[in-house]
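Here is what each chain is made of, one letter per residue.
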Amino acid sequence: VYILDGLQRTHIMKELAEEGVSFRKGQKLLLEFWFERDMGNLIYRLIVLNSGQKPMSMRHQVELLFMTMQDKLENDIPGLEMCNERDLKIRDKAKKFPFDRIVTGYHSFLNESPEISKIKIISDKLDTGRIITDQELVILERYKEYTKYLTQYLHLDAEAYRVYSKFKGFPSAKNWLADENVVNSFFAALGLLCSVPEFKKRIPKSFAKLYQLIKKTKVGGDPLALEEFDDIRQTLFDPKKYNVGYITRKTIMSCFYEYFKNEGHLTFKKCWELSKPIS
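All figures in this text were calculated on a predicted structure; none of them were measured in a lab.

**Considering the overall build of the protein chain**
Piece 1. In terms of regular secondary structure, the protein chain is built from 12 helices and 2 strands.
Piece 2. Starting at the N terminus and ending at the C terminus, the protein chain contains elements arranged as α-α-α-β-α-β-α-α-α-α-α-α-α-α.
Piece 3. Counting contacts in the protein chain only where the partners sit at least 6 residues apart, residues at least 24 apart contribute 69% of the total.
Piece 4. As displayed, the protein chain offers around 16,100 Å² of accessible surface, 53% of which is attributable to carbon and sulfur atoms.

As structure tokens, then:
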């Protein structure tokens, strides 16, 4: 059960009652129950309901969408387990992600950028007061596209967790695909590729090649060339020259962009080489 509207008025009435205000006997209140099998329909109805009062920003739409769809995500995506940020420090299996990381991944996908502000969570490019209308269910359409890619991403994570479980390059390798910078950068790259029809066509084949690449790798191998990435990080991410978080995300996004754009024909070592900052 989701309370979609009326909380503000309910709290005002409660405060008035506590102040001793008497309410008229026989006062009637309107209470509506909406029954929907598809949560997406409820979200749509709520957005339309609010649109008559004031514009609902894209940021608000996205937050609302995920707040009410947390259970649906786990039902729609086999194996997905969402937790809080603290739990990820002891991540004990693949396909386990903090809930907010799933949300920021979607923001990155929409924005075509991994730069997510914790205060203003979606950029001015989208947060312009634009609302969903009968003709343009943008958020719901992109949500379905994102969850399709997220499902495939979880398959990659499961194989990478296996392959990197005994990797000696750096200890966090098996959880690399669950790292916030990696999640946001990966989906930002996909969002950018989706904006070009020719590149968007290459995404399914690239996913398939990437999955097979990791799946065929024996435990202890390095299909994503993370040693190359770690070397770039250690030698070129100079905090005197760059914001380290920013240059990390930019490099990771560029690497995945190169791989998917070239339909998996380039090795990850080559993609890292193309993506590294100029020293």
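Now, onward.
**A closer look at the environment of Cys194**
Piece 1. Residue placement: Cys194 occurs in helix 7 (residues 180–194).
Piece 2. Of the residues examined, Cys194 reaches a relative accessible area of 13% and is grouped as buried.
Piece 3. Contacts of Cys194, omitting those with residues within four sequence positions, involve Phe109, Arg142, Glu145, Tyr149, Lys200 and Ile203.

**Looking at the packing of aromatic side chains**
Piece 1. Taken as a whole and assessed by the stated rule, the structure comprises 23 aromatic pairs.
Piece 2. When the ring of Phe256 is compared with that of Phe268, the centres are 5.9 Å apart and the planes differ by 80 degrees; the resulting orientation is edge-to-face. Remark: Phe268 occurs in helix 12 (residues 268–275) and Phe256 occurs in helix 11 (residues 244–261); sequence separation between them is 12 residues.
Piece 3. Assessed through its relative accessible area of 4%, Phe268 is described here as buried.

**Considering helix 9 (residues 203–215)**
Piece 1. Helix length check: helix 9 (13 residues) gives 18 Å between terminal C-alpha atoms against 18 Å at 1.5 Å per residue, within 8%.
Piece 2. Along helix 9, the residues classified as buried are Ile203, Ser206, Phe207, Leu210 and Ile214. Buried residues along helix 9 cover an arc of 100 degrees about the axis, so they all sit on one side.

Rules and cut-offs
Along each chain, residue indices are assigned from 1 in the same order as the chain's sequence is written. Local features are withheld for residues below a pLDDT of 70 in this predicted model, meaning they are given only at 70 or higher, and side-chain atom pairs are given and counted only at 80 or more; totals for whole chains, interfaces and linings count all residues. Working from all heavy atoms in the structure, the side-chain values ignore hydrogens and water. Put simply, DSSP H or I for four residues or longer makes a helix, DSSP E for two residues or longer makes a strand, and each gets a number counted from the N terminus. A contact between two residues is defined here by any heavy atoms of the two lying within 4.5 Å. For every accessible area listed, the method is Shrake-Rupley and the probe measures 1.4 Å; residues are considered covered only by the protein chains on display. Burial classes follow relative accessibility: with a 1.4 Å probe on protein chains only, a residue under 20% of its type's maximum area counts as buried, one over 50% as exposed, and anything between as partly exposed. Stacked, edge-to-face and tilted labels apply to pairs of Phe, Tyr and Trp rings (six-membered ring for Trp) whose centres lie within 6.5 Å, assigned for plane angles under 30 degrees, over 60, and everything in between, in that order. Expected span of a helix: the number of residues minus one, times 1.5 Å. Directions pointing from the helix axis toward each C-beta atom define the arc.

Functional significance is not addressed by these values, which are geometric in nature.
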